[in-house]
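Structure at a glance
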Amino acid sequence: MYSDLVMDHFANPRNVGEVEDPDGVGEIGNPVCGDVMRLTIKVGDGRISDVKFKTFGCGAAVATSSMVTEMVKGKTLQEALDVSNKTVAEALGGLPPAKMHCSNLAADALHIAIDDYLDRSGVAVRDKLAERAAADAQADSLECCQQGAEAGVSCTLATSERGGDPKALS
Amino acid sequence: MRDVYFDHAATTGVDPRVLQKMLPYLGDEYGNPSEVHRRGQRARAAVDEARAQVASALGADEREIVFTGGGSESDTLALVGFAQTQEPAHLIVSAVEHPAVMETARYLQKQVGWEVSVVPVDAGGHVDVDAYAAAFRPDTKIVSVMLANNVVGTLQPVAEMAGIAREHGALFHTDAVQAVGAVPVDVRELGVDLLAFSGHKLYGPKGVGGLFVRRGVKLRPVIHGGGQERGLRSGTENVPGIVGLGEATRLAVEALPVEAPRQSALRDRLIDGVLSSIDEVGLLGDRNGRLPGNACFTIRYIEGESMVLKLDAFGIAVSSGSACASTSLEPSHVIIAMGYDPVAAHGSLRLTLGRENTGEDVEYFLEVFPKVVEQLRAMSPLYAKG
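Residues numbered from 1 in each chain as written. Chains lettered and ligands numbered in written order. Predicted model: local features only at pLDDT ≥ 70, side-chain atom pairs only at ≥ 80, totals over all residues.

What follows covers helix 4 (residues 99-112) of chain B. Since the α-helix advances by 3.6 residues per turn, residues separated by three or four positions end up pointing in the same direction. Residue and element names in this part refer to chain B. Between the first and last C-alpha of helix 4 there are 18 Å, a value that for 14 residues agrees with the 20 Å anticipated at 1.5 Å per step. Every buried residue belonging to helix 4 is among Ala-100, Val-101, Met-102, Thr-104, Ala-105 and Leu-108, and all of these are buried. Considering only its buried residues, helix 4 is in contact with helix 3 (71-83), strand 3 (90-94), strand 4 (115-119), strand 5 (140-144) and strand 6 (171-175). Gly-113 lies just past helix 4 and shows a positive phi near 95°. (Helix = DSSP H or I, 4+ residues; strand = E, 2+ residues; numbered from the N terminus. Expected span 1.5 Å × (residues − 1). Buried ≥ 20, exposed ≤ 12 C-beta atoms within 10 Å, placed from the backbone. Contact = placed C-beta atoms within 7 Å.)

Turning next to the sheet that holds strand 1 (residues 24-30) of chain A. Residues and elements named next belong to chain A. The antiparallel open sheet is built from three strands, whose spatial order is 1-2-3. Edge positions in the sheet fall to strand 1 and strand 3 (47-56), since each of these pairs with one other strand and no more. With direction set aside, neighbouring strand axes in the sheet form an average angle of 15°. The sheet contact formed by strand 2 (residues 35-44) and strand 3 spans nine bridges and is antiparallel. Counted as the bridge partner of Val-36 is Phe-56 from strand 3. Across the sheet, helix 2 (residues 59-72) is in contact with strand 2 and strand 3; its angle to strand 3 comes to roughly 175°. (Pairing = 2+ DSSP bridges. Axes fitted to C-alpha atoms, helices over the stretch in contact; angles between N-to-C directions.)

Residues and elements named next belong to chain B. Following the sequence through the fold, Val-334 ends up in helix 10 (residues 333-337). As for Val-334 and Lys-371, which are separated by 37 residues in sequence, their C-alpha atoms are 28 Å apart. Every residue in contact with Val-334, bar those within four places of it in the chain, is listed here: Val-96, Gly-125, Asn-149, Val-151, Val-152 and Gly-321.

Next up on the list: the confidence of the model for chain A. Residue and element names in this part refer to chain A. When pLDDT is averaged across chain A, the result is 79; 72% of the residues are at 70 or more. Taken element by element, the predicted model of chain A shows its lowest mean pLDDT in helix 8 (residues 146-150) (43) and its highest in strand 3 (97). Across residues 146-170, confidence stays below pLDDT 50; counting only partners more than four residues off in sequence or on other chains, it has 49 contacts. (pLDDT = per-residue confidence, 0-100.)

Residue and element names in this part refer to chain B. In space, the seven strands of this open sheet follow the order 2-8-7-6-5-3-4, with mixed pairing throughout. Each having just a single partner strand, strand 2 (65-68) and strand 4 make up the two edges of the open sheet. The average undirected angle you get between the axes of adjacent strands in this sheet is 20°. As defined by bridge partners, strand 6 adjoins strand 7 (residues 194-198) across three bridges and the pair is classed as parallel. Counted as the bridge partner of Asp-175 is Ala-196 from strand 7.

Our next topic: the nonpolar core. In terms of nonpolar packing, the biggest core is built from 161 residues, with Met37(A), Ala109(A), Leu110(A), Ala176(B), Phe212(B) and Ile335(B) touching the most fellow members. The greatest single-element share of this core, amounting to ten residues, is contributed by helix 8 (residues 239-277) of chain B. The residues that make up this core include at least three from each of domain 1 (4-11 + 256-379) and domain 2 (16-251) of chain B. Apart from the residues lying within four places of it in its own chain, the contact partners of Phe212(B) are Leu58(B), Ala60(B), Glu64(B), Ile65(B), Val187(B), Leu194(B) and Leu195(B). (Core = buried A, V, L, I, M, F, W, Y, C linked by C-beta atoms within 7 Å. Domains from an automatic or database assignment.)

This brings us to the domain arrangement of chain B. Residues and elements named next belong to chain B. We note that the domain assignment places domain 1 (4-11 + 256-379) and domain 2 (16-251) within chain B. Centre-to-centre, using C-alpha coordinates, domain 1 lies 28 Å away from domain 2. Contact with domain 1, which involves 23 residues of that partner, is made by 24 residues of domain 2. Among the elements of the structure, helix 8, strand 10 (294-299) and helix 10 are those that each provide at least two residues to the side of domain 1 that touches domain 2.

Residue and element names in this part refer to chain B. Its 21 residues place the ends of helix 2 (residues 38-58) 30 Å apart at the C-alpha level, agreeing with the 30 Å of an ideal helix rising 1.5 Å per residue. Residues of helix 2 that are buried: Ala-43, Ala-46, Val-47, Ala-50, Arg-51, Gln-53, Val-54, Ala-55, Ala-57 and Leu-58. Check the buried side of helix 2 and you find it contacts helix 1 (16-26), strand 2, helix 7 (187-190), strand 8 (209-213) and helix 8.

What follows covers the packing of helix 2 of chain B against helix 8 of chain B. Axis angle and axis distance: for two packed helices, these are the angle between their axes and the distance between the axes, and together they describe the pair. Residues and elements named next belong to chain B. Their axes nearest at 8 Å, the elements helix 2 and helix 8 cross at an angle of 30°. It follows from the interaxial angle that helix 2 and helix 8 lie roughly parallel. Read as a crossing pair, helix 2 and helix 8 show a hand that is left-handed. On helix 8, the residues touching Ala-43, Ala-46, Val-47, Glu-49, Ala-50, Arg-51, Gln-53, Val-54 and Ala-57 of helix 2 are Val-239, Ile-242, Val-243, Leu-245, Gly-246, Glu-247, Thr-249, Arg-250 and Val-253. For the contact of helix 2 with helix 8, a count of residues per class yields eleven nonpolar, three polar and four charged. (Parallel < 35°, antiparallel > 145°, perpendicular 65-115°, else oblique. Left-handed = near helix turned anticlockwise from the far one by under 90°. Nonpolar A, V, L, I, M, F, W, Y, C, P; charged D, E, K, R; others polar.)

In structure tokens form, the structure reads like this:
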């Protein structure tokens, strides 16, 4: 079901972890939906000097996270903002149709991280593209979560707290 | 690399003895059992022998066995076939039924006008018998509760529940697809009216199954045509498949007294090993009262499909109830029905043992699995220690 390239990024993920003292953090998804991505970036001279990810999710979620870090490392912020979920999937040689929506959020996480950087650095004119990307990403994540909501679970964007109900464990 | 198959609830390989018995009917013995010539009658004799094998294995009469195209078709024939004999009424199912039953009940509700009650289960996956008994109404005509669950392996008190249905004048159907060949199944002891089973879960071929229909129970066919299988399942018989199903059922029941305790011991070692070597892991389903070969866990902070893929890279085949590992993109309704949250379902891993598994397979898994969990947790933003 997955291409060789997807399996390669899943089996040997690039840039796993968190950058030290990040300039921007982007988190998207929800444990209830089965995917959470956390991207941390370092920015220098208007370029993404370092980027790392942590992902809870399926093979596609891990592979897209890994791929997006490779695609944007060393790139300018604008170039990074031009990377979309679609171009990430294309760079991986495609994803199974069922995975395109829910598990393909890595570029959104990146855009949120860049947005966070712009916020923190107090850039006067915030990049409209970044704002829109973040809004789109939120909408996507909520839509993806409808199944969870139907199962009687309230659906909110993930926060940094540990998800889940401890009584689910014996 | 080792090749360890722990996914016997999904399907099993055809037993070589079963294959040998099937081969002539894929070759020279291609007769149609409906024909009067000798070639046809040899095929008829083969189908009759298979019917006798299955009937004997289940404690049924030969006339009570209908061959079908598999477990899902058997469930459909039982429920839709019965519904077609009367006006829409009330049907009871458990919350942990296989989709073959759940979706058929949904179909009857939405398209035919039946009312459906879904009976809850406890944290171990057992049907709440009090809630079940309370669900009956004067117009309850049929009940469907599985014998053994396909996800967590929980065995249901079918004999008790069938008795309650009888008191209320309702028929009792059980999906025994996971149970036949894995635990003793006797239709008279269970007191069921209808019982579905499948070939490929018991080392027989795919695309063939059957339905026990107690004498006196009236169904109408779902597939119409030449009137084969006493009019209940038209279409030229799948002779090689039926021959394989008969032999596989016979062999599985014959092997049961040895296999059930052997697999239970392997399963217990597997459960003990996982629970003792990994933190924040839970066993899904009861410790006892489950299928001999079923071990099902939820592992916190990591997702099922990634576990399946990582284990596959080590040559170990397992499955998960995670939404991400399913075609429907929904977490296992069985695990949710047991009161767990979707996160637990996403982190679920099902291991189902079978005949060819050995203690070495179990030890290999126990050696590999903690590494897989560690790798995935190191990558998980939900795991604080990562």
